[in-house]
Amino acid sequence: MTTRNTRTKKTQPTTSSKKATVSNTASKSTKTTAKPAAKKTSAARSAAAATVEAPVPSALPVGFVSFVGSGPGDPELLTVRAVDLLRQAEIVVTETPEHAALVEAFCAGAEVVDGGFGQDGQPLTHAGRAKVIVKQAKTGKRVVRLMAGDPFVYASGPEEAQACVKANVGFEIVPGVSSVTAVPAYAGVPLTDKKHREVAVVNCSEAKIDWTQYADDRTLVLLSAVSSIADVAAALVAAGRSAETPVAMTRVGTTTEQETVVSTLGRIGTDARAARMAPPAVTVVGDVVDLRAALSWFETKPLFGWRVLVPRTKEQAGALSARLRGYGSVPEEVPTISVEPPRNPLQMDKAIRGLVEGRYEWIAFTSVNAVKAVREKFDEYGLDARAFSGLKIAAVGEKTAAAIEAWGLRADLVPSGEQSAAGLLEDWPPYDDLLDPINRVFLPRADIATETLVAGLLDLGWEVDDVTAYRTVRATPPPAPTREAIKTGKFDAVVFTSSSTVRNLVGIAGKPHASTIIAVIGPATAKTAEEHGLRVDVLAPKPSVEAVVDALADFGASRRAAMLEAGQPVTKPSERRPSARRKAT
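These numbers come from a predicted model, not from an experiment. Within each chain, residue numbers correspond to sequence positions counted from 1 in written order. In keeping with the model being predicted, local features are shown solely for residues with a pLDDT of at least 70 and side-chain atom pairs are shown and tallied solely at 80 or more, while totals for entire chains, interfaces and linings include all residues. By convention in this description, side-chain values take in all heavy atoms of the structure and omit both hydrogens and water.

1. Some words on the nonpolar core
Stated formally: We define a nonpolar core as any set of buried Ala, Val, Leu, Ile, Met, Phe, Trp, Tyr and Cys residues linked to one another through side-chain atoms lying within 4.5 Å. Note on exposure labels: buried denotes an accessible area under 20% of the residue type's maximum, exposed denotes more than 50%, and partly exposed covers the range between, all computed with a 1.4 Å probe on protein chains only. Helical segments are the DSSP runs of H or I of at least four residues, strand segments are the runs of E of at least two, and each set is numbered from the N terminus. Here, two residues are considered to be in contact whenever any of their heavy atoms come within 4.5 Å of each other.
Core analysis: the biggest nonpolar cluster contains 28 residues, and L355, F365, F388 and F442 have the highest contact counts within it. Looking at this core, the elements with two or more residues in it are α13 (346-356), β15 (362-365), α14 (368-381), β16 (392-395), α15 (398-406), β17 (440-446) and β18 (463-474). Beyond its immediate stretch of four places on either side in the chain, F442 contacts M348, A351, I352, L355, Y360, W362, I363, A364, D465 and V467. Within the second largest apolar cluster, 23 residues are counted, among which are I209, L236, M249 and M277.

See below:
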């Protein structure tokens, strides 16, 4: 890759510097070698002219700072080294507001210093930011200077590192994925192929650029070109490039807000203005742009850019949100229920004692929360998995069975068909007084659980101790902007994973707008949604988080394909507004 600066400035050789601190020995050495140096070849003199003198440290560094590249925007593009340093950091000097999410994710407890603005609220210059970094490094704490993209690629890393050298502060550079390569890749535009092997990167923020040197067919990557793209395109055409040369401009690349405009040099000014393109954006000029039609992989994800509401407890939303992000959506977690201990713990205490004493033949877990509640009681009493010896264990589904297995146990019964209370009853054996020494089942559940399982077990001849292991409490209402977004259709979809999430969301925030796609985890949840006046668009083929998200993605892919086939622009559900709230059918 050939990177060209927009302005070239010759560096003159110097024998002394007022800013550099040089020992007396070093000074004498410079004087004694000055005469022989004059006899060097012209090539050697050129190399010497390009060498910048650095101070000779007289002692160990007085501090240390890690310059860490955060990449172009997608937090998953952080390097392993970057994540490691962020987790160890005691002080983090940030650069952009977007770094707040990285600090929250990896730097719990670290002091955050705003590297963008000073204490007076004014933007910091490079020199001012360098002083802040040096000051923090001299505290002796583990300091990370978090920088967008790569510290040494169109960034202030070199200047700030030089300031560390002058202050005798040690440093290291942790390269980040540069937007120069990452943003085109996320747009489906390769910078090179078999026919085009040379790339030039141009920073268009400078006033004067000689565009005649880019008149050939090299691929150009233009930075900071949004406001001047019409003039840049005209200059390239005037320099000899064809007006039909393909151009792709991508804003906020590698994020779910990414947007790409594909045009030509002759039309890009008008097209970018019509699309309201705004910085930050990376522009690619060249025939490689034509490959985007086949290679666009990010913006074509089935849920790309969808804002999806996830009404679950904070502890349970993680896996669901991660899977949604994998399909290109932007999940927003809104806790609707809180899991709390039962008001009266005596019933649970009695049941645990009965379990240890051999009172039960079976224990049936109907949720991961039930497993967690029993396990917490075991820890409270100093018990372990050995207390389950001789006891048969049933799990309502694979997720619950996995939680049991994580405890070192294995479920004896998991539904072979539908993963629900009804599915569990279909496989549950009837009580046989000859084969079963005990006829009692321990059923630890939520306080609002349905009676389906209890009634079915009684019909099979079993006695059931239906014990409240935990309570589900309605959470506090979300902030006003979130409630407004729910009611006005700013969310593209909502994923309901239980009947309680439907009831509680409607109770604390109101009904989702008619344009919002409703996805549910199973038939019971679908019935509850319909009872609240919501039409279910997506029903998971089996009751699991993975299945409901996959089903929503299938819905999004089919919807996108239908729009393309009809020759319509691909829009999100939130961009369409039905005239009336849809009714349950």
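2. Thoughts on the confidence of the model for the protein
So the rule is basically this: A residue's pLDDT is the predictor's confidence in that residue, given on a scale from 0 to 100.
Looking at the protein as a whole, the pLDDT averages 86, with 87% of positions reaching at least 70. At the low end of the mean pLDDT range in the protein sits helix α1 (residues 24-32), at 39; at the high end sits strand β9 (residues 246-251), at 98. Within the model, pLDDT remains below 50 along residues 1-52, and this stretch shows 33 contacts once partners closer than five positions in the same chain are excluded. Counted against residues more than four places away or in other chains, residues 578-585, with its pLDDT under 50, gives 22 contacts.

3. Here's the deal with the packing of α13 against α14
Keep this limit in mind: To define axes, lines are fitted to C-alpha atoms, for helices over the stretch in contact only, and angles between the resulting N-to-C directions are given on a 0 to 180 degree scale. The scheme is simple: roughly parallel for angles under 35 degrees, roughly antiparallel for over 145, roughly perpendicular for 65 to 115, oblique for anything else. Just so you know the grouping, Ala, Val, Leu, Ile, Met, Phe, Trp, Tyr, Cys and Pro go in nonpolar, Asp, Glu, Lys and Arg go in charged, and all remaining residues, Gly too, go in polar.
Remark: α13 packs on α14, axes separated minimally by 11 Å, with the N-to-C direction vectors making an angle of 75°. On the basis of their axis angle, the class for α13 and α14 is roughly perpendicular. Across the interface between the two elements, M348, D349, I352, R353 and L355 of α13 pack against A373, V374, K377, F378 and Y381 of α14. Here the contact of α13 with α14 is composed, by residue class, of 7 nonpolar, no polar and 3 charged.

4. Brief notes about the pattern of salt bridges
Worth spelling out the cut-off: Note on definitions: salt bridges are taken to be side-chain nitrogens of Lys or Arg within 4 Å of carboxyl oxygens of Asp or Glu.
Applying the stated rule across the entire model yields 24 salt bridges. Between R267 and E244 there is a salt bridge; the shortest N-O distance is 3.8 Å. You can see R267 sitting in the loop between β10 (259-264) and α10 (268-274) and its partner E244 sitting in the loop between α9 (229-239) and β9, a full 23 residues away along the chain. As a salt-bridge pair, K392 and E361 come within 3.5 Å of each other at their nearest N and O atoms. Of this pair, K392 sits in strand β16 while E361 sits in the loop between α13 and β15, and the two are 31 residues apart along the sequence. Given the relative accessible area of 31%, K392 is considered partly exposed. Via salt bridges that share partners, E95, R129, R145 and E160 belong to a single interconnected network.

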